[in-house]
Amino acid sequence: MNLVKYIERLPKAELHLHIEGSFEPELMFRIAERNNIQLKFRSVESLREAYHFTQLQDFLDLYYAGTSVLIYEQDFYDLTWDYLIKAKANNIVHTEIMFDPQAHTTRGVPFETVIKGICRALNDGKEKLGISSELIMSFLRHLSEEDAFKTLEESLPYREMITAVGLDSSERGNPPEKFGRVFAKAREYGFFTVAHAGEEGPPENIWGALDLLNVSRIDHGNSSMLDNKLIEKLIERQIPLTICPLSNLRLKVVNDLSSHPLKTMLHKGLRVTVNSDDPAYFGGYINDNFVAIASALSLSKEEIGQLVQNSFHASFLPESTRQKYLHLLDDFINLEIR
Ligand code: HPA
Ligand code: ZN
């Protein structure tokens, strides 16, 4: 089996996916029309042409503008279902998706509308597509601590639908310590924690996410490579890093994929995983990410298998389900390369 087919057929888990970042222009225009909302762009093509970013903030401006058409529960259902269909086509068997409630509640859309639409689709994903999932509620770090606390309280009636809280949006100027108290409260409520760190920010933000936010994994974590002590700690504790190759390329975190640190990270013993982040904006879903990085770094089938295995180890799955997936994966790899 050639490498592309091997990647396509591997049963995979995705751990770093913003549901609002899976909003394809075609669906965005369809929902805008039915909600009588005028987008700034005249066509799907002109919107796609605007997807040229020089840094994270350029992308975030378009990403938040895109969310403005999402008003009703059905809109959030359609957004999530659209991603799940893509996930199925990519042979994703388990996904842990992030959502940004504040991108919607700040526009007057009730928290309940957002979470009910997303969760109804995730339940259908389980029943009709056989995809298991966990939900991660991310706080927007450019907003205040008070706003994050308010969002945390709003989520409590839906506590059992949410596995973890996270931290995303503009990393520069918004370090993890800004949310130390909110994350402490979230842990008291029993949420796991994750955080974007070391995407555009320094290794200090990764230290902060570990020491102050007590995260179970780091989203991105690229800048860990600048700090040997940090690398040692991440290896020792086997803290997963959710790496997103095409996102890193499009947001200029790396100049080209051949200089991406993923392979070096893997060989050092870091628990790295491959994910798509915001696939509608960055030019590819999980298989595209694997194919692009495997080609740029000449990854072997063994290395790709290890990356996929890492994702299941890094997931929030209950142990029995994790083992079931790991056996499924092992069987596939054994058949293919051993
Ligand atoms: N980084 C930070 N915030 C985000 C991202 C990202 O890649 N995607 C959506 N929100
Ligand atoms: Zn992200």
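Residues numbered from 1 in each chain as written. Chains lettered and ligands numbered in written order. Predicted model: local features only at pLDDT ≥ 70, side-chain atom pairs only at ≥ 80, totals over all residues. Heavy atoms only, no water.

Visitor: Explain the sheet that holds strand S1 (residues 12–18) to me, please; I cannot follow it from the model alone.
Guide: In a beta sheet, neighbouring strands are held together by backbone hydrogen bonds and run either parallel or antiparallel to one another. In space, the eight strands of this open sheet follow the order S1-S2-S3-S4-S5-S6-S7-S8, with parallel pairing throughout. Since the sheet does not close on itself, it has two edges, and those belong to S1 and strand S8 (272–274), each with one partner. Looking at each pair of strands side by side, their axes are set apart by 25 degrees on average, direction ignored. Across six bridges, strand S2 (residues 92–99) lies against strand S3 (residues 132–140) in parallel orientation. Bridging from a neighbouring strand, Glu 96 pairs with Glu 134 of S3. The strands touched by helix H16 (residues 301–314) within the sheet are S1, S2, strand S6 (217–220) and S8, with S8 carrying the most contacts at an inclination of about 105 degrees. (Pairing = 2+ DSSP bridges. Helix = DSSP H or I, 4+ residues; strand = E, 2+ residues; numbered from the N terminus. Axes fitted to C-alpha atoms, helices over the stretch in contact; angles between N-to-C directions. Contact = heavy atoms within 4.5 Å.)

Visitor: How do you make sense of the coordination of the zinc ion (ligand 2) when you look at a structure like this?
Guide: Each donor-metal-donor angle in an ideal tetrahedron of four donors is 109.5 degrees, and each such angle in an ideal octahedron of six donors is either 90 or 180 degrees. Of the protein atoms, only His 16 (NE2), His 18 (NE2), His 196 (NE2) and Asp 277 (OD) coordinate the zinc ion (ligand 2), at distances of 2.0 to 2.2 Å. For the zinc ion (ligand 2), the four donor atoms in the first shell make angles of 83 to 175 degrees at the metal, so the coordination geometry reads as irregular. Summarised as a motif, the one-chain spacing of the donors to the zinc ion (ligand 2) is H-x1-H-x177-H-x80-D. Highlighted residues: His 16 in strand S1 and His 196 in strand S5 (residues 192–197), separated in sequence by 180 residues. On the basis of relative accessible area, His 16 is assigned to the buried category, the value being 0%. By relative accessible area, His 196 is classed as buried at 5%. (Donors = N, O, S within 2.8 Å, 3.2 Å for Na, K, Ca; no water. Tetrahedral: all angles 85-135°; square planar, octahedral: opposite > 155°, others 65-115°. Buried < 20%, exposed > 50% of the residue type's maximum accessible area, 1.4 Å probe, protein only.)

Visitor: So what exactly am I meant to see when it comes to the packing of helix H8 (residues 145–155) against helix H9 (residues 180–188) here?
Guide: In a packed pair of helices, the relevant descriptors are the angle between the two axes and the axis-to-axis distance. Orientation of H8 relative to H9, taken along the N-to-C sense of each, is 15 degrees, at an axis distance of 9 Å. Considering the angle they form, H8 stands roughly parallel to H9. Judged by the sense of rotation from one axis to the other, the crossing of H8 with H9 is right-handed. Residue-level contacts link Glu 145, Ala 148, Phe 149 and Leu 152 of H8 to Arg 181, Val 182, Lys 185 and Ala 186 of H9. Across the contact of H8 with H9, the residue classes break down as five nonpolar, no polar and three charged. (Parallel < 35°, antiparallel > 145°, perpendicular 65-115°, else oblique. Left-handed = near helix turned anticlockwise from the far one by under 90°. Nonpolar A, V, L, I, M, F, W, Y, C, P; charged D, E, K, R; others polar.)

Visitor: How should I be thinking about helix H4 (residues 56–67) in this particular structure?
Guide: Residue pairs spaced three or four apart in an α-helix point in one direction, given the helix's 3.6 residues per turn. End to end, H4 covers 17 Å across twelve residues, agreeing with the expected 16 Å (1.5 Å per residue, within 8%). Among the residues of H4, Leu 56, Phe 59, Leu 60, Leu 62, Tyr 63, Tyr 64, Gly 66 and Thr 67 are the ones counted as buried. Tucked inside the fold, the buried residues of H4 contact S1, helix H2 (25–34), helix H6 (102–105), S3 and helix H14 (279–282). (Expected span 1.5 Å × (residues − 1).)

Visitor: Looking at this structure, how should I read the pattern of salt bridges?
Guide: When the charged atoms of two side chains with opposite charge come close together, those side chains can pair. Tallied over the entire structure, the rule returns 15 salt bridges. Residues Glu 96 and Arg 217 are paired through a salt bridge, measuring 2.8 Å at the closest nitrogen-oxygen approach. A residue pair is termed long-range when its members are at least 10 positions apart, and Glu 96 in strand S2 and Arg 217 in strand S6 qualify at 121 residues. We note that Glu 96, like Arg 217, is buried. Put simply, Glu 336 and Lys 301 hold a salt bridge, and the shortest N to O gap is 2.8 Å. With Glu 336 in helix H17 (residues 319–337) and Lys 301 in helix H16, the pair connects residues that are 35 residues apart, well separated along the chain. Take Glu 336: its relative accessible area is 21%, and that puts it in the partly exposed class. Each of the salt bridges in this network shares a partner with another, and the network as a whole consists of Glu 24, Glu 26 and Arg 48. (Salt bridge = Lys/Arg side-chain N within 4 Å of Asp/Glu carboxyl O.)

Visitor: I'm lost on the site of ligand 1 in this one. Help?
Guide: For ligand 1, the full set of nearby residues is His 18, Leu 56, Phe 59, Leu 60, Tyr 63, Asp 168, Ser 169, His 196, Glu 199, His 220, Asp 277 and Asp 278. Between ligand 1 and the protein, one listed contact pairs a nitrogen atom with a side-chain N or O atom of Glu 199 at 2.8 Å. Here Asp 277 contributes a side-chain N or O atom positioned 2.8 Å from an oxygen atom of ligand 1. Contact with the protein chains removes 100% of the 260 Å² of surface that ligand 1 exposes when unbound. Taken atom by atom, the bulk of ligand 1 overlaps the largest cavity. With four residues, the single largest contributor to the shell around ligand 1 is H4. Considering only residue class, the shell around ligand 1 consists of four nonpolar, four polar and four charged. (Near = heavy atom within 4 Å. Polar contact = N/O pair within 3.5 Å; in protein donor to acceptor, adjacent residues only side chain to side chain. Areas by Shrake-Rupley, 256 points an atom, 1.4 Å probe, with all protein chains shown as cover. 1 Å grid on protein atoms, 1.4 Å probe; cavity = no way out; pocket = protein on both sides within 12 Å on 5 of 7 lines; lining within 4 Å. Sits in = over half its atoms within 2 Å of the grid points.)

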